[in-house]
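For reference, the chains in residue letters:
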Amino acid sequence: IVVRPDVPKDIANYSVEQVRGAARFWGSRFPMGTKLDVLFVSEKDDEYMDREGREFVTSLDNYNRLKEIDSQFGNSWIMGEVRSSRSSSRFKSKLILATPSFATTDRMQNGWIQVPAHEIFHVIFDYYMSQRPVQSEDEYFGRAPQHFIEGGANYFSYSYAMKNLGWYSDGLDVSLSLTWRNLESWKPVRNEADIVNLLIATENSWPQPAFEASYSVGAIFLEWIVGKYGMEALKKILENLAMGISFDANLKSSIGLSKEEAYRMSAPYLLSIFERLGLD
């Protein structure tokens, strides 16, 4: 773990603790010697990013967005990204976190405390997914829908980072409410059939509303799975990614339901959340 000097100490200390703890949670799943490099930078690290940080990011766009935050009035946030690779059966992963040098805990956007654990979920996801490389984007999302990729990360990160059930529940409520209002409702959610359509719509990362909704909608879908079938069901779904099977076949193996059945059976619970929050 490398923490650059201008990262605020309290945010860095918390985030490093979360990274280490979440990595320990999944640690038994990795072979001994598996390497995870972690880098935490601020907006002042342009030179360092050019020299040593490029391997941690797909592009510098999100990192550069940190410079757009108003240091006096803007709410800060943490950018996170994971890049993983596998060669000769050896898996390696790089995780970057970035926040402004002037960030303070009372000026962070909602949900920032779950970002480190969220990114660790992507590491374990990449570990299993990389064991059977995909040949196309359609195959990728056929094996792992967008609402599982980001929803699974949100489910794990909120449940790991929040220290009691009430905070966890509030965190997911706020995440869904903010997302849905930012999307200006995007799709109708008035009945169970609408929920099924929403889950189908968030299987892919396009259009942009589908990508944004996948985080919160997928988290509640995973909450339903774990609530009904236990945490072992989520672990089994992850393990099955290494088999290269479809998500439908994965769910049949993991929880005994087809994808269609899981969507239909979870719909009443997801709908109840939308109704409780006054979202349509």
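Up top is the structure these notes are about.
Residues numbered from 1 in each chain as written. Predicted model: local features only at pLDDT ≥ 70, side-chain atom pairs only at ≥ 80, totals over all residues. Heavy atoms only, no water.

A. The arrangement of the pairing of strand β2 (residues 35-41) in detail. Examined bridge by bridge, strand β1 (residues 2-3) and β2 share two bridges and lie parallel to one another. Looking at the pairing, V2 lines up with L39 of β2. After leaving β1, the chain enters helix α1 (residues 9-26) and then returns to the sheet as β2, a path that is left-handed. Bridge count for β2 against strand β4 (residues 90-98) is seven bridges, and the pairing is parallel. The partner of F40 across the bridge, within β4, is L97. (Pairing = 2+ DSSP bridges. Helix = DSSP H or I, 4+ residues; strand = E, 2+ residues; numbered from the N terminus. Right-handed = clockwise from strand over helix to strand, strands pointing away.)

B. Structural detail: the pattern of salt bridges. A complete count under the given rule lists 13 salt bridges for this structure. Linking K35 and D37 is a salt bridge whose minimum nitrogen-to-oxygen distance equals 3.9 Å. K35 gets classed as partly exposed once you look at its relative accessible area, which sits at 48%. Among the ionic pairs, R51 bridges to E47, the shortest N-O distance being 3.7 Å. (Salt bridge = Lys/Arg side-chain N within 4 Å of Asp/Glu carboxyl O. Buried < 20%, exposed > 50% of the residue type's maximum accessible area, 1.4 Å probe, protein only.)

C. Representation of the sheet that holds β1 within the structure. In space, the four strands of this open sheet follow the order β1-β2-β4-β3, with mixed pairing throughout. Single-partner strands in this sheet number two, and they are β1 and β3 (79-87). Together, β1, β2 and β4 form the strand contacts of helix α2 (residues 46-53), whose direction differs from that of β2 by roughly 160°. (Contact = heavy atoms within 4.5 Å. Axes fitted to C-alpha atoms, helices over the stretch in contact; angles between N-to-C directions.)

D. Structural detail: the environment of F125. With respect to the element layout, F125 can be found in helix α4 (residues 115-129). Remark: the alpha-carbon pair of F125 and K35, spanning 90 residues in sequence, is separated by 15 Å. Excluding anything up to four places from it in sequence, F125 contacts Y140, A144, F148, I149, L238 and L241.

E. Spatial organisation of the packing of aromatic side chains. Overall, the coordinates contain 22 aromatic pairs when judged by the stated rule. Where F91 meets Y127, the ring centres are 5.4 Å apart and the plane angle is 80°; that geometry is what we call edge-to-face. Residue F91 is found in strand β4, and its partner Y127 is found in helix α4; the two are separated by 36 residues along the sequence. This pair shows no difference in class: F91 is buried, exactly as Y127 is. Aromatic rings pair up to connect F25, W26, F121, F125, Y140, F141, F148, F156, Y160, W206 and F247 into one cluster. Positioned over the ring face of W186 is K187, at 5.1 Å from the centre of the ring. (Phe/Tyr/Trp six-rings, centres within 6.5 Å; stacked < 30°, edge-to-face > 60°. Lys NZ or Arg CZ within 6 Å of the ring centre and 35° of its normal.)

F. Highlighting α1. Here α1 contains 18 residues, and its C-alpha end-to-end distance of 26 Å stays within 8% of the 26 Å for a straight helix at 1.5 Å per residue. Burial in α1 covers these residues: I11, A12, Y14, S15, V16, Q18, V19, G21, A22 and W26. The inward-facing, buried residues of α1 abut β1, β2, β4, α4, α6 (146-161) and α10 (231-240). (Expected span 1.5 Å × (residues − 1).)

G. Up close: the side chain of E203. Locating E203 in the fold gives a position in the loop between α8 (192-201) and α9 (208-229). A polar contact is formed between the side chain of E203 and the side chain of Y263, at a distance of 2.7 Å. Not counting residues within four places of it along the chain, the set of residues in contact with E203 comprises F141, P145, Q146, H147, K259 and Y263. (Polar contact = N/O pair within 3.5 Å; in protein donor to acceptor, adjacent residues only side chain to side chain.)

H. Inspection of the nonpolar core at higher detail. F121, F148 and F274 are the most contacted members of the largest nonpolar core, which has 75 residues in total. Ranked by the residues each element gives to this core, the list is headed by α4, at ten residues. Aside from chain neighbours lying at most four places away, what touches F121 is W26, F148, I149, G152, A153, F156 and L238. In this structure, L39, V41, L60 and W77 belong to the second largest nonpolar core, which totals 14 residues. (Core = buried A, V, L, I, M, F, W, Y, C linked by side-chain atoms within 4.5 Å.)

I. Spatial organisation of the packing of α6 against α9. Two numbers describe how α6 lies on α9: the axes approach to 6 Å, and their chain directions differ by 70°. Comparing their axes, α9 and α6 come out roughly perpendicular. Seen along the crossing, α6 lies across α9 with a hand that is right-handed. On α9, the residues that touch Q146, H147, F148, E150, G151, G152, N154 and Y155 of α6 are F211, S214, Y215, S216, G218, A219, F221, L222, E223 and V226. Residues that form the contact of α6 with α9 fall into these classes: eight nonpolar, eight polar and two charged. (Parallel < 35°, antiparallel > 145°, perpendicular 65-115°, else oblique. Left-handed = near helix turned anticlockwise from the far one by under 90°. Nonpolar A, V, L, I, M, F, W, Y, C, P; charged D, E, K, R; others polar.)

Read these as spatial facts, not as claims about activity.
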